Amino acid sequence: MTPVILRSVHDVASLAAVADHFSDVWQTPRTAPPFPAELLHSLVHAGGAVHAAYADGRLAGAAVAVFGPDRQTYSLVAAAERGLGARVKQAQRAWALERGARTMRWTFDPLVGRNARFNLVKLGAVGTEYLVDFYGPMSDGVNSGDESDRLTVTWDLTAPETPHGPDDPADRAGAPVVATAPDGGPLAHRDGDRRVWCRVPDDIVKLRAADPVLALRWRYAVREVFTGAFAQGFTPTGMSRDGWYTLTRTEDAA
């Protein structure tokens, strides 16, 4: 097994390496990183933290967090190679708990199913807010040409580390279809006032690169389901391996 070292970083050279890592992940020139080294340095100086994961001495993941009001922390960005994401988030969790935090929030693209599964199932966070075109137009190599909707999740740092269990797929299949996806298949099922299920594309990043018009149609379709569900008291609490969100009523989400 590859030895992995996780630590917070403060020096200029390490922060510059983290900035380069984020450039590579979001496919921007290293001369125009999404999080410049000088910004990371300022965030650390202000009391935030930059955590880095090293595998065999090579930078393989990083995350940035800052403090907000009421003992909340906010994770600005995180990106790690497969198998290291949970360890990076647990490093953030330990740092936040040591400083008296109780929750951590962050946003992600709701069309990226693998991230939804990691956040909602692996970590046990809960979707708490749907943000329409949160950043406005983005020009990096991953998001360009799309609208930047984001789903906020909130992670209870004090809760037992027990991931959410999966739904029975038969429940979803037996519920009425209430919306059709851009590919002609079902987009959403609804089980009365109990649950809503919403499907996302298999790989929105590849779809966006191959057919940006179709990717944008998916954006609008999923947005309509989510904003309607949130307005009626539903929040995302799960994601299946085959790309279906489960949204439950707020009072039932726990």
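Residues numbered from 1 in each chain as written. Predicted model: local features only at pLDDT ≥ 70, side-chain atom pairs only at ≥ 80, totals over all residues. Heavy atoms only, no water.

What follows is about the pairing of strand β10 (residues 195–199). Look at any regular strand and the pattern is simple: side chains alternate between the two faces of the sheet. Most of β10 sits inside the fold, with five of its five residues counted as buried. Alternating residues of β10 divide into R195, W197 and R199 and V196 and C198, and every residue in both groups is buried. Of the pairings in the sheet, the one linking strand β9 (residues 186–191) to β10 comprises four bridges and is antiparallel in character. Bridging from a neighbouring strand, D191 pairs with R195 of β10. The hairpin turn running from β9 into β10, its antiparallel successor, is three residues long, and G192 in that turn takes a positive phi close to 55°. Sheet analysis places β10 next to strand β12 (residues 244–249), joined by five bridges and oriented antiparallel. The residue of β12 that forms the bridge with V196 is L247. (Buried < 20%, exposed > 50% of the residue type's maximum accessible area, 1.4 Å probe, protein only. Helix = DSSP H or I, 4+ residues; strand = E, 2+ residues; numbered from the N terminus. Pairing = 2+ DSSP bridges.)

Bringing the packing of helix α1 (residues 12–25) against helix α2 (residues 37–45) into the picture now. It is the contact of α1 with α2, at a shortest axis distance of 8 Å, that shows an interaxial angle of 120°. Classified by the angle their axes make, α1 and α2 are oblique. In terms of crossing hand, the pair formed by α1 and α2 is right-handed. Taking contact as the criterion, the partners of V12, L15, A16, V18 and A19 in α1 are, on α2, A37, L40, H41 and V44. Residue classes in the contact of α1 with α2 are distributed as eight nonpolar, one polar and no charged. (Axes fitted to C-alpha atoms, helices over the stretch in contact; angles between N-to-C directions. Parallel < 35°, antiparallel > 145°, perpendicular 65-115°, else oblique. Left-handed = near helix turned anticlockwise from the far one by under 90°. Contact = heavy atoms within 4.5 Å. Nonpolar A, V, L, I, M, F, W, Y, C, P; charged D, E, K, R; others polar.)

Ordered by their spatial adjacency, five strands build an open sheet running β8-β9-β10-β12-β11, and the pairing between neighbours is antiparallel. Strand pairing shows two members of the sheet lacking a second neighbour, β8 (177–180) and β11 (234–239), which therefore form its edges. Across the sheet, the mean angle from the axis of one strand to that of its neighbour is 25°, orientation sign disregarded. Most of the contacts of helix α4 (residues 113–122) go to β11, to which it runs at about 100°, and overall it touches β11 and β12. Against the sheet, helix α7 (residues 212–231) touches β8, β9, β10, β11 and β12, its axis set at about 170° to β10.

The strand order across the open sheet formed by seven strands is β1-β2-β3-β4-β5-β7-β6, and the pairing between neighbours is mixed. Lying at the two open borders of the sheet, with one neighbouring strand each, are β1 (4–8) and β6 (126–131). Averaged over all pairs of adjacent strands, the angle between strand axes in this sheet comes to 25°, irrespective of strand direction. Where strand β3 (residues 58–67) meets strand β4 (residues 72–80), seven bridges bridge the pair, whose relative direction is antiparallel. Directly across from A62, in β4, lies its bridge partner A79. Contacting β1, β2 (49–55), β3, β4, β5 (103–108) and β7 (150–156), helix α3 (residues 85–98) runs over the sheet at an angle of about 35° to β3. In the packing of α4 onto the sheet, the strands contacted are β5, β6 and β7, and the crossing angle to β5 comes to about 170°.

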